Amino acid sequence: MKIKSARVIVTCPGRNFVTLKIEVEGGLTGIGDATLNGREMAVVAYLQEHVCPALIGMDARRIEDIWQFLYRGAYWRRGPVTIRAIAAVDVALWDIKAKAAGMPLYDLLGGKSRDRIMVYGHANGADIDETVDAVGQYIAMGYKAIRAQTGIPGVEKTYGVGRGTMFYEPADAALPSVTGWDTRKALNTIPRLFERLRDTYGFDHHLLHDGHHRYTPQEAAHLGKLLEPFQLFWLEDCTPAENQEAFKLVRQHTTTPLAVGEVFNTIWDCKDLIQHQLIDYIRTTIVGAGGVTHLRRIADLASLYQVRTGCHGATDLSPVTMGTALHFDSWVPNFGIQEYMRHTPETDAVFPHDYRFEDGHMIVGETAGHGVTIDEELAAKYPYTPMQLPVARLEDGTLWNW
Ligand code: KDG
Ligand code: MG
(Lines give C-alpha, C1' and ligand atoms only; values in the text may rest on other atoms or scores of the structure.)
(Ligands and ions follow the chains in the order given, each with its own letter.)
Protein backbone atom coordinates (compact mmCIF):
# COMPACT_ATOMS: atom_id res chain seq x y z
CA MET A 1 0.00 0.00 0.00
CA LYS A 2 2.35 2.70 -1.29
CA ILE A 3 1.72 6.39 -0.68
CA LYS A 4 0.96 8.02 -4.04
CA SER A 5 0.38 11.63 -3.02
CA ALA A 6 0.37 13.89 0.03
CA ARG A 7 -1.27 17.33 -0.32
CA VAL A 8 -1.85 20.22 2.07
CA ILE A 9 -5.20 22.03 2.01
CA VAL A 10 -5.59 25.41 3.76
CA THR A 11 -9.05 26.82 4.30
CA CYS A 12 -10.63 29.58 6.40
CA PRO A 13 -14.37 29.02 6.94
CA GLY A 14 -14.35 31.65 9.72
CA ARG A 15 -10.95 30.55 11.02
CA ASN A 16 -7.89 28.87 9.46
CA PHE A 17 -7.47 25.11 9.22
CA VAL A 18 -4.58 23.12 7.73
CA THR A 19 -5.40 19.61 6.51
CA LEU A 20 -3.14 16.94 5.02
CA LYS A 21 -4.66 14.54 2.49
CA ILE A 22 -2.80 11.31 1.71
CA GLU A 23 -3.72 8.99 -1.15
CA VAL A 24 -2.38 5.47 -1.56
CA GLU A 25 -2.11 3.28 -4.65
CA GLY A 26 -5.53 1.77 -5.21
CA GLY A 27 -7.22 5.07 -4.42
CA LEU A 28 -7.90 5.03 -0.65
CA THR A 29 -7.47 8.43 0.98
CA GLY A 30 -7.10 9.65 4.55
CA ILE A 31 -6.93 13.12 6.12
CA GLY A 32 -5.17 14.57 9.16
CA ASP A 33 -5.37 17.95 10.93
CA ALA A 34 -2.18 20.08 11.06
CA THR A 35 -3.64 23.35 12.37
CA LEU A 36 -1.45 25.45 14.71
CA ASN A 37 -3.45 28.49 15.76
CA GLY A 38 -1.78 31.72 14.60
CA ARG A 39 1.20 29.87 13.08
CA GLU A 40 -0.59 27.87 10.38
CA MET A 41 1.75 28.60 7.50
CA ALA A 42 4.80 27.39 9.43
CA VAL A 43 3.27 23.89 9.49
CA VAL A 44 2.24 24.18 5.82
CA ALA A 45 5.87 24.90 4.85
CA TYR A 46 7.18 22.11 7.11
CA LEU A 47 4.83 19.61 5.48
CA GLN A 48 5.23 20.78 1.90
CA GLU A 49 8.98 21.29 1.92
CA HIS A 50 10.18 18.54 4.23
CA VAL A 51 7.57 15.86 4.88
CA CYS A 52 5.32 15.29 1.83
CA PRO A 53 8.16 14.61 -0.66
CA ALA A 54 9.66 11.98 1.69
CA LEU A 55 6.33 10.17 2.11
CA ILE A 56 5.89 9.30 -1.58
CA GLY A 57 6.49 5.58 -2.12
CA MET A 58 6.46 4.70 1.60
CA ASP A 59 4.28 1.80 2.79
CA ALA A 60 1.21 3.45 4.39
CA ARG A 61 0.63 0.40 6.60
CA ARG A 62 3.85 1.07 8.55
CA ILE A 63 2.45 3.85 10.72
CA GLU A 64 4.83 3.32 13.64
CA ASP A 65 7.92 3.30 11.44
CA ILE A 66 6.79 6.43 9.58
CA TRP A 67 6.20 8.14 12.96
CA GLN A 68 9.73 7.26 14.10
CA PHE A 69 11.14 8.34 10.72
CA LEU A 70 9.54 11.79 11.04
CA TYR A 71 10.36 12.21 14.75
CA ARG A 72 13.82 10.68 15.23
CA GLY A 73 14.76 11.06 11.60
CA ALA A 74 14.42 14.84 11.65
CA TYR A 75 17.14 15.02 14.34
CA TRP A 76 15.42 18.25 15.58
CA ARG A 77 12.87 16.69 17.90
CA ARG A 78 9.66 18.03 19.43
CA GLY A 79 8.16 21.52 19.07
CA PRO A 80 4.60 22.41 18.05
CA VAL A 81 5.34 22.79 14.31
CA THR A 82 7.14 19.46 13.92
CA ILE A 83 4.69 17.57 16.09
CA ARG A 84 1.60 18.89 14.28
CA ALA A 85 3.07 17.88 10.92
CA ILE A 86 3.74 14.39 12.32
CA ALA A 87 0.22 14.25 13.79
CA ALA A 88 -1.35 15.07 10.42
CA VAL A 89 0.54 12.22 8.72
CA ASP A 90 -0.22 9.82 11.57
CA VAL A 91 -3.97 10.56 11.60
CA ALA A 92 -4.26 10.35 7.81
CA LEU A 93 -2.54 6.94 7.91
CA TRP A 94 -4.78 5.63 10.73
CA ASP A 95 -7.76 6.84 8.69
CA ILE A 96 -6.53 4.86 5.68
CA LYS A 97 -5.74 1.76 7.75
CA ALA A 98 -9.20 1.77 9.35
CA LYS A 99 -10.87 2.29 5.96
CA ALA A 100 -8.84 -0.58 4.49
CA ALA A 101 -9.93 -2.78 7.40
CA GLY A 102 -13.54 -1.63 7.00
CA MET A 103 -13.66 -0.60 10.67
CA PRO A 104 -14.30 2.56 12.65
CA LEU A 105 -10.97 3.65 14.12
CA TYR A 106 -11.95 2.81 17.72
CA ASP A 107 -12.23 -0.86 16.70
CA LEU A 108 -8.66 -0.89 15.40
CA LEU A 109 -7.48 0.60 18.69
CA GLY A 110 -9.03 -2.25 20.66
CA GLY A 111 -12.72 -1.47 20.67
CA LYS A 112 -15.01 0.73 22.73
CA SER A 113 -14.56 1.11 26.48
CA ARG A 114 -17.72 3.28 26.74
CA ASP A 115 -20.87 4.03 24.75
CA ARG A 116 -20.73 7.82 24.82
CA ILE A 117 -18.22 10.56 25.58
CA MET A 118 -18.92 13.17 28.25
CA VAL A 119 -17.98 16.63 26.99
CA TYR A 120 -17.74 20.06 28.55
CA GLY A 121 -18.90 23.25 26.85
CA HIS A 122 -17.67 26.83 27.23
CA ALA A 123 -19.93 29.30 29.06
CA ASN A 124 -18.74 32.86 29.47
CA GLY A 125 -19.98 36.39 29.98
CA ALA A 126 -18.80 39.96 30.40
CA ASP A 127 -19.46 39.77 34.16
CA ILE A 128 -20.59 37.30 36.82
CA ASP A 129 -24.31 37.83 36.12
CA GLU A 130 -23.89 37.16 32.40
CA THR A 131 -21.73 34.10 33.06
CA VAL A 132 -24.27 32.65 35.50
CA ASP A 133 -26.93 33.05 32.77
CA ALA A 134 -24.64 31.48 30.17
CA VAL A 135 -24.03 28.43 32.39
CA GLY A 136 -27.83 28.12 32.73
CA GLN A 137 -28.12 28.02 28.94
CA TYR A 138 -25.57 25.19 28.75
CA ILE A 139 -27.46 23.27 31.44
CA ALA A 140 -30.65 23.77 29.39
CA MET A 141 -28.85 22.37 26.31
CA GLY A 142 -28.15 19.19 28.29
CA TYR A 143 -24.47 19.67 29.21
CA LYS A 144 -23.35 17.80 32.33
CA ALA A 145 -20.02 19.63 32.49
CA ILE A 146 -19.39 23.33 31.81
CA ARG A 147 -16.30 25.51 31.81
CA ALA A 148 -17.06 28.98 33.21
CA GLN A 149 -14.98 32.10 32.44
CA THR A 150 -16.01 35.64 33.32
CA GLY A 151 -14.94 39.17 32.52
CA ILE A 152 -12.98 40.65 35.43
CA PRO A 153 -13.79 44.25 36.42
CA GLY A 154 -10.85 46.48 35.48
CA VAL A 155 -9.23 43.89 33.16
CA GLU A 156 -9.37 44.71 29.43
CA LYS A 157 -10.63 41.82 27.28
CA THR A 158 -10.32 39.05 29.88
CA TYR A 159 -9.24 35.67 28.51
CA GLY A 160 -12.10 33.31 27.69
CA VAL A 161 -14.82 35.92 27.24
CA GLY A 162 -16.32 35.81 23.76
CA ARG A 163 -17.60 38.58 21.59
CA GLY A 164 -20.75 36.54 21.00
CA THR A 165 -22.11 33.75 23.16
CA MET A 166 -21.87 30.88 20.66
CA PHE A 167 -18.47 30.80 19.06
CA TYR A 168 -15.55 32.22 21.07
CA GLU A 169 -12.54 32.67 18.82
CA PRO A 170 -9.39 34.11 20.41
CA ALA A 171 -7.34 34.53 17.19
CA ASP A 172 -8.94 37.82 16.20
CA ALA A 173 -6.53 39.98 14.16
CA ALA A 174 -3.75 39.78 11.56
CA LEU A 175 -1.29 40.99 14.21
CA PRO A 176 -1.59 40.19 17.93
CA SER A 177 -4.09 42.41 19.74
CA VAL A 178 -3.38 43.44 23.34
CA THR A 179 -5.44 42.12 26.24
CA GLY A 180 -5.06 42.81 29.96
CA TRP A 181 -4.34 40.84 33.12
CA ASP A 182 -4.38 41.51 36.86
CA THR A 183 -4.02 38.59 39.26
CA ARG A 184 -5.28 40.51 42.32
CA LYS A 185 -8.54 41.35 40.51
CA ALA A 186 -8.88 37.78 39.23
CA LEU A 187 -8.49 36.33 42.72
CA ASN A 188 -11.26 38.70 43.88
CA THR A 189 -13.62 37.64 41.08
CA ILE A 190 -13.21 33.95 40.19
CA PRO A 191 -14.16 32.45 43.60
CA ARG A 192 -17.23 34.73 43.68
CA LEU A 193 -18.26 33.41 40.24
CA PHE A 194 -18.17 29.80 41.44
CA GLU A 195 -19.94 30.65 44.69
CA ARG A 196 -22.79 32.17 42.63
CA LEU A 197 -22.86 29.20 40.27
CA ARG A 198 -23.17 26.68 43.12
CA ASP A 199 -25.77 28.85 44.92
CA THR A 200 -27.81 29.08 41.71
CA TYR A 201 -27.50 25.60 40.21
CA GLY A 202 -26.39 23.37 43.09
CA PHE A 203 -23.70 20.70 42.91
CA ASP A 204 -25.06 18.25 40.32
CA HIS A 205 -23.09 19.60 37.35
CA HIS A 206 -19.36 19.46 36.76
CA LEU A 207 -17.81 22.93 36.68
CA LEU A 208 -14.38 23.69 35.22
CA HIS A 209 -12.15 26.76 35.02
CA ASP A 210 -9.10 27.67 32.92
CA GLY A 211 -6.38 29.80 34.53
CA HIS A 212 -4.65 29.96 31.11
CA HIS A 213 -1.12 30.03 32.56
CA ARG A 214 -1.67 33.39 34.33
CA TYR A 215 -0.78 32.62 37.98
CA THR A 216 2.53 32.01 39.74
CA PRO A 217 2.67 28.65 41.57
CA GLN A 218 1.88 30.33 44.92
CA GLU A 219 -1.04 32.29 43.44
CA ALA A 220 -2.32 29.14 41.75
CA ALA A 221 -2.17 27.25 45.05
CA HIS A 222 -4.12 30.07 46.70
CA LEU A 223 -6.76 30.05 43.94
CA GLY A 224 -7.11 26.27 44.17
CA LYS A 225 -7.68 26.58 47.93
CA LEU A 226 -10.27 29.36 47.53
CA LEU A 227 -12.15 27.21 44.98
CA GLU A 228 -12.25 24.03 47.12
CA PRO A 229 -15.74 24.65 48.60
CA PHE A 230 -17.18 24.75 45.06
CA GLN A 231 -15.81 21.30 44.10
CA LEU A 232 -14.54 21.95 40.58
CA PHE A 233 -14.06 19.09 38.13
CA TRP A 234 -10.72 20.74 37.40
CA LEU A 235 -8.67 23.91 37.47
CA GLU A 236 -6.76 24.03 34.19
CA ASP A 237 -3.35 25.54 33.36
CA CYS A 238 -3.16 27.23 36.75
CA THR A 239 0.54 28.02 36.22
CA PRO A 240 2.97 27.58 33.29
CA ALA A 241 4.28 24.02 33.18
CA GLU A 242 7.62 24.50 31.42
CA ASN A 243 9.00 23.88 34.89
CA GLN A 244 7.09 20.74 35.80
CA GLU A 245 8.27 21.08 39.44
CA ALA A 246 6.11 24.20 39.81
CA PHE A 247 3.10 21.93 40.23
CA LYS A 248 4.58 20.46 43.43
CA LEU A 249 3.91 23.70 45.24
CA VAL A 250 0.34 23.92 43.93
CA ARG A 251 -0.36 20.28 44.75
CA GLN A 252 0.87 20.60 48.35
CA HIS A 253 -1.71 23.25 49.10
CA THR A 254 -4.95 22.31 47.38
CA THR A 255 -7.22 19.34 46.69
CA THR A 256 -8.81 21.08 43.68
CA PRO A 257 -8.14 18.68 40.77
CA LEU A 258 -5.54 19.96 38.30
CA ALA A 259 -5.47 19.67 34.51
CA VAL A 260 -2.69 20.69 32.16
CA GLY A 261 -1.19 19.91 28.77
CA GLU A 262 -2.92 21.61 25.83
CA VAL A 263 0.42 23.20 24.86
CA PHE A 264 2.48 20.04 25.47
CA ASN A 265 3.93 18.22 22.45
CA THR A 266 5.24 14.91 23.70
CA ILE A 267 5.32 12.49 26.59
CA TRP A 268 8.46 14.26 27.84
CA ASP A 269 6.47 17.42 28.63
CA CYS A 270 4.23 15.55 31.05
CA LYS A 271 6.43 12.71 32.29
CA ASP A 272 7.31 14.22 35.69
CA LEU A 273 3.85 15.68 36.25
CA ILE A 274 2.34 12.25 35.73
CA GLN A 275 4.97 10.18 37.55
CA HIS A 276 4.87 12.37 40.64
CA GLN A 277 1.06 12.49 40.57
CA LEU A 278 1.06 16.28 40.41
CA ILE A 279 -1.95 16.42 38.05
CA ASP A 280 -5.28 14.66 37.67
CA TYR A 281 -6.01 15.20 33.97
CA ILE A 282 -3.75 15.35 30.93
CA ARG A 283 -5.02 17.75 28.24
CA THR A 284 -2.92 16.84 25.19
CA THR A 285 -4.94 15.92 22.14
CA ILE A 286 -4.38 14.19 18.80
CA VAL A 287 -2.99 17.12 16.77
CA GLY A 288 -0.96 18.52 19.68
CA ALA A 289 0.83 15.29 20.55
CA GLY A 290 1.86 13.61 17.31
CA GLY A 291 -1.41 11.85 16.47
CA VAL A 292 -2.99 8.65 17.74
CA THR A 293 0.36 6.83 17.92
CA HIS A 294 1.93 9.14 20.49
CA LEU A 295 -1.18 10.20 22.42
CA ARG A 296 -1.83 6.54 23.16
CA ARG A 297 1.62 6.32 24.75
CA ILE A 298 0.92 9.34 26.97
CA ALA A 299 -2.45 7.90 28.04
CA ASP A 300 -0.86 4.55 28.91
CA LEU A 301 1.76 6.25 31.10
CA ALA A 302 -0.99 8.33 32.72
CA SER A 303 -3.07 5.24 33.46
CA LEU A 304 -0.31 3.85 35.71
CA TYR A 305 -0.82 6.83 38.01
CA GLN A 306 -4.61 7.16 37.79
CA VAL A 307 -4.27 10.32 35.72
CA ARG A 308 -7.17 10.58 33.26
CA THR A 309 -7.48 12.15 29.82
CA GLY A 310 -9.18 15.46 29.04
CA CYS A 311 -8.43 16.15 25.39
CA HIS A 312 -8.19 19.76 24.26
CA GLY A 313 -11.12 20.55 21.97
CA ALA A 314 -11.16 24.29 21.26
CA THR A 315 -12.31 25.52 17.83
CA ASP A 316 -8.72 25.76 16.55
CA LEU A 317 -8.63 21.95 16.59
CA SER A 318 -10.39 21.06 13.34
CA PRO A 319 -13.30 18.61 13.10
CA VAL A 320 -10.66 16.09 11.93
CA THR A 321 -9.01 16.28 15.35
CA MET A 322 -12.40 16.21 17.11
CA GLY A 323 -13.52 13.13 15.17
CA THR A 324 -10.24 11.31 15.76
CA ALA A 325 -10.20 12.29 19.45
CA LEU A 326 -13.69 10.83 19.86
CA HIS A 327 -12.45 7.47 18.56
CA PHE A 328 -9.50 7.70 20.96
CA ASP A 329 -11.87 8.71 23.82
CA SER A 330 -14.14 5.76 23.02
CA TRP A 331 -11.25 3.35 23.44
CA VAL A 332 -8.95 4.86 26.11
CA PRO A 333 -9.49 3.06 29.44
CA ASN A 334 -8.51 6.07 31.59
CA PHE A 335 -10.87 8.53 29.91
CA GLY A 336 -11.82 11.62 31.94
CA ILE A 337 -13.68 14.13 29.76
CA GLN A 338 -13.52 15.71 26.28
CA GLU A 339 -13.61 19.47 25.63
CA TYR A 340 -16.17 20.41 22.99
CA MET A 341 -16.34 23.94 21.60
CA ARG A 342 -18.79 23.88 18.74
CA HIS A 343 -17.52 24.75 15.28
CA THR A 344 -19.46 27.21 13.12
CA PRO A 345 -21.92 25.84 10.52
CA GLU A 346 -19.44 26.97 7.78
CA THR A 347 -16.68 24.83 9.32
CA ASP A 348 -19.01 21.87 9.78
CA ALA A 349 -19.97 22.12 6.09
CA VAL A 350 -16.32 22.08 4.94
CA PHE A 351 -15.62 19.04 7.15
CA PRO A 352 -18.60 16.64 6.91
CA HIS A 353 -18.50 14.26 9.90
CA ASP A 354 -20.45 11.46 11.52
CA TYR A 355 -20.15 12.42 15.23
CA ARG A 356 -23.00 14.16 17.04
CA PHE A 357 -23.91 15.82 20.35
CA GLU A 358 -26.64 14.27 22.47
CA ASP A 359 -27.55 14.90 26.10
CA GLY A 360 -24.20 16.33 27.22
CA HIS A 361 -22.22 13.64 25.39
CA MET A 362 -20.73 13.05 21.96
CA ILE A 363 -21.75 9.95 20.05
CA VAL A 364 -18.93 8.61 17.89
CA GLY A 365 -19.75 7.58 14.31
CA GLU A 366 -19.61 4.07 12.85
CA THR A 367 -18.11 4.93 9.43
CA ALA A 368 -14.88 3.12 8.54
CA GLY A 369 -11.92 5.40 9.34
CA HIS A 370 -12.16 8.40 11.68
CA GLY A 371 -15.41 9.54 10.10
CA VAL A 372 -14.39 13.05 8.96
CA THR A 373 -13.88 14.14 5.33
CA ILE A 374 -13.18 17.44 3.59
CA ASP A 375 -15.27 19.08 0.88
CA GLU A 376 -12.38 20.47 -1.16
CA GLU A 377 -14.56 22.54 -3.50
CA LEU A 378 -16.17 24.32 -0.57
CA ALA A 379 -12.82 24.64 1.24
CA ALA A 380 -11.38 26.47 -1.79
CA LYS A 381 -14.03 29.17 -1.39
CA TYR A 382 -12.48 30.22 1.95
CA PRO A 383 -8.88 31.37 1.33
CA TYR A 384 -6.27 31.62 4.13
CA THR A 385 -6.69 34.80 6.20
CA PRO A 386 -3.80 35.85 8.50
CA MET A 387 -5.01 35.69 12.10
CA GLN A 388 -2.99 35.59 15.32
CA LEU A 389 -3.61 35.02 19.01
CA PRO A 390 -3.57 38.07 21.32
CA VAL A 391 -0.85 38.91 23.83
CA ALA A 392 -1.49 39.87 27.46
CA ARG A 393 0.03 42.83 29.31
CA LEU A 394 -0.21 43.92 32.95
CA GLU A 395 -1.42 47.43 33.76
CA ASP A 396 2.17 48.77 33.81
CA GLY A 397 2.82 47.36 30.32
CA THR A 398 4.74 44.23 31.34
CA LEU A 399 4.18 41.38 28.90
CA TRP A 400 2.45 38.46 30.67
CA ASN A 401 1.37 34.95 29.68
CA TRP A 402 -1.66 35.07 27.41
O1 KDG B 1 -5.40 28.43 20.41
C2 KDG B 1 -5.52 28.63 21.77
C3 KDG B 1 -6.75 27.93 22.31
O4 KDG B 1 -6.77 26.59 21.90
C5 KDG B 1 -6.83 28.00 23.81
O6 KDG B 1 -6.82 29.33 24.25
C7 KDG B 1 -8.11 27.33 24.28
O8 KDG B 1 -7.26 27.28 26.52
C9 KDG B 1 -8.03 26.86 25.68
C10 KDG B 1 -8.94 25.79 26.05
O11 KDG B 1 -8.83 25.32 27.18
O12 KDG B 1 -9.76 25.39 25.23
MG1 MG C 1 -7.02 25.84 28.09
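Here the structure is a predicted model, which means the values were calculated and not measured.

## Here we look at the overall build of the protein chain
Then, number 1: Secondary structure summary: the protein chain contains 13 helices and 16 strands in total.
Then, number 2: The globule rule puts the C-alpha radius of gyration for 402 residues at 21 Å, and the 20 Å found for the protein chain is close to it.
Then, number 3: Based on the C-alpha atoms only, the size of the protein chain along its principal axes is roughly 60 × 45 × 45 Å.
Then, number 4: Counting all 402 residues of the protein chain, 58% fall into the buried class.
Then, number 5: Within the protein chain, contacts between residues separated by at least 24 positions form 73% of all contacts whose residues are at least 6 apart in sequence.
Then, number 6: Accessible surface, the protein chain as shown: approximately 15,900 Å² in total, 51% of it carbon and sulfur.
Then, number 7: Here the protein chain carries 39 positive and 49 negative side-chain charges, and the mean point of each set is 4 Å from the other.

## Let's talk about the coordination of the magnesium ion (ligand 2)
Then, number 1: Bound to the magnesium ion (ligand 2) on the protein side are D210 (OD), E236 (OE) and E262 (OE), at distances that span 2.0 to 2.3 Å.
Then, number 2: Mapped onto the sequence, the residues coordinating the magnesium ion (ligand 2) show the spacing D-x25-E-x25-E. Here D210, found in strand β7 (residues 206-210), pairs with E236, found in strand β8 (residues 234-236); they are 26 residues apart in sequence, far enough to count as distant.
Then, number 3: Look at E236 and you get buried, because its relative accessible area is 0%.

## Overview of the pattern of salt bridges
Between side chains of opposite charge, a pair can form when the charged atoms approach closely.
Then, number 1: If you walk through the whole model with that rule in mind, you get 23 salt bridges.
Then, number 2: Of the charged contacts, one joins K185 and E395 as a salt bridge, the two residues approaching to 2.6 Å between their closest N and O atoms. Taken together, the residues K185 in helix α6 (residues 183-201) and E395 in the loop between β15 (391-393) and β16 (399-400) connect sequence positions 210 residues apart.
Then, number 3: The exposure class assigned to E395 is exposed, which follows from its relative accessible area of 59%.
Then, number 4: A network of salt bridges, in which partner residues are shared, links E236, E262, R283 and E339.

## Some remarks on the sheet that holds strand β6 (residues 178-180)
Hydrogen bonds between backbone atoms are what pair the strands of a sheet, whose relative direction is either parallel or antiparallel.
Then, number 1: Read across the open sheet, the three strands follow the order β6-β15-β16; overall the sheet is mixed. Bordering the open sheet on either side are β6 and β16, each of which pairs with just one other strand.
Then, number 2: Bridging between β6 and β15 involves three bridges; their strand directions are parallel. By the bridge assignment, V178 is partnered in β15 with V391.

## Focus on the environment of P229
Then, number 1: Residue placement: P229 occurs in the loop between α7 (217-227) and β8.
Then, number 2: Linking P229 and E195, residues 34 residues apart in sequence, is a C-alpha distance of 8.3 Å.

## Digging into helix α10 (residues 291-304)
An α-helical turn contains 3.6 residues, so any two residues separated by three or four positions project in the same direction.
Then, number 1: Taking 1.5 Å of rise per residue, the 14 residues of α10 would be expected to cover 20 Å, and the 21 Å separating its terminal C-alpha atoms lies within 8% of that figure.
Then, number 2: One or two residues past the end of α10 sits Q306, with phi positive at roughly 60 degrees.

## What about the sheet that holds strand β1 (residues 3-11)?
Then, number 1: Pairing in this open sheet of three strands is antiparallel, and the strands run β1-β2-β3 from one edge to the other. Looking along the sheet, the strands with just one partner apiece sit at the ends: β1 and β3 (29-33). The average undirected angle you get between the axes of adjacent strands in this sheet is 20 degrees.
Then, number 2: The sheet contact formed by strand β2 (residues 17-24) and β3 spans five bridges and is antiparallel. If you follow E23 over to β3, its bridge partner there is T29.
Then, number 3: Set on the sheet, helix α3 (residues 80-101) makes contact with β1, β2 and β3; between it and β3 the angle comes to about 150 degrees.

## A look at the pairing of β1
Then, number 1: Relative to β2, β1 is paired through eight bridges, and the arrangement is antiparallel. Paired with A6 across the bridge in β2 is I22.
Then, number 2: In this antiparallel pair of consecutive strands, β1 and β2, the connection spans five residues, and G14 shows a positive phi of 105 degrees.

## As for the site of ligand 1
Then, number 1: The immediate surroundings of ligand 1 are formed by 15 residues, with N37, H212, E262, D316 and E339 found nearest.
Then, number 2: Between ligand 1 and D210 there is a distance of 3.0 Å, counted from an oxygen atom to a side-chain nitrogen or oxygen.
Then, number 3: In the model, an oxygen atom of ligand 1 is placed 3.0 Å from a nitrogen or oxygen of the H312 side chain.
Then, number 4: Contact with the protein chains hides 94% of the accessible area of ligand 1, taken as 330 Å² for the molecule alone.
Then, number 5: Looking at the shell around ligand 1 residue by residue, the classes come out as four nonpolar, four polar and seven charged.

## What to know about the domain arrangement of the protein chain
Then, number 1: By domain assignment, the protein chain separates into domain 1 (3-104) and domain 2 (109-367).
Then, number 2: Facing 28 residues of domain 1, the contacting portion of domain 2 comprises 35 residues.
Then, number 3: For the pair domain 1 and domain 2, the two sides together bury roughly 2,400 Å², of which 60% comes from carbon and sulfur.
Then, number 4: In this structure, the connection of domain 1 to domain 2 is made through three salt bridges.
Then, number 5: Between D269 and R78 there is a salt bridge, with its nearest N and O atoms 2.7 Å apart.
Then, number 6: At the junction of domain 1 with domain 2, the criterion picks out 11 residue pairs in polar contact (both at pLDDT 80 or more).
Then, number 7: Contributing elements (two or more residues each) for the side of domain 1 that touches domain 2: β2, β3, α2 (63-71) and α3.
Then, number 8: Residue contributions to the side of domain 1 that touches domain 2 peak at eight residues, all from α3.
Then, number 9: When grouped by side-chain class, the residues that make up the side of domain 1 that touches domain 2 number 15 nonpolar, seven polar and six charged.

Procedures and definitions
Residues numbered from 1 in each chain as written. Chains lettered and ligands numbered in written order. Predicted model: local features only at pLDDT ≥ 70, side-chain atom pairs only at ≥ 80, totals over all residues. Heavy atoms only, no water. Helix = DSSP H or I, 4+ residues; strand = E, 2+ residues; numbered from the N terminus. Rg over C-alpha atoms; globule rule 2.2 N^0.38 Å. Buried < 20%, exposed > 50% of the residue type's maximum accessible area, 1.4 Å probe, protein only. Contact = heavy atoms within 4.5 Å. Areas by Shrake-Rupley, 256 points an atom, 1.4 Å probe, with all protein chains shown as cover. Lys, Arg positive; Asp, Glu negative; His and termini not counted. Charge placed at Lys NZ, Arg CZ, Asp CG, Glu CD. Donors = N, O, S within 2.8 Å, 3.2 Å for Na, K, Ca; no water. Salt bridge = Lys/Arg side-chain N within 4 Å of Asp/Glu carboxyl O. Pairing = 2+ DSSP bridges. Expected span 1.5 Å × (residues − 1). Axes fitted to C-alpha atoms, helices over the stretch in contact; angles between N-to-C directions. Near = heavy atom within 4 Å. Polar contact = N/O pair within 3.5 Å; in protein donor to acceptor, adjacent residues only side chain to side chain. Nonpolar A, V, L, I, M, F, W, Y, C, P; charged D, E, K, R; others polar. Domains from an automatic or database assignment. Buried area = accessible area lost by both parts, 1.4 Å probe.

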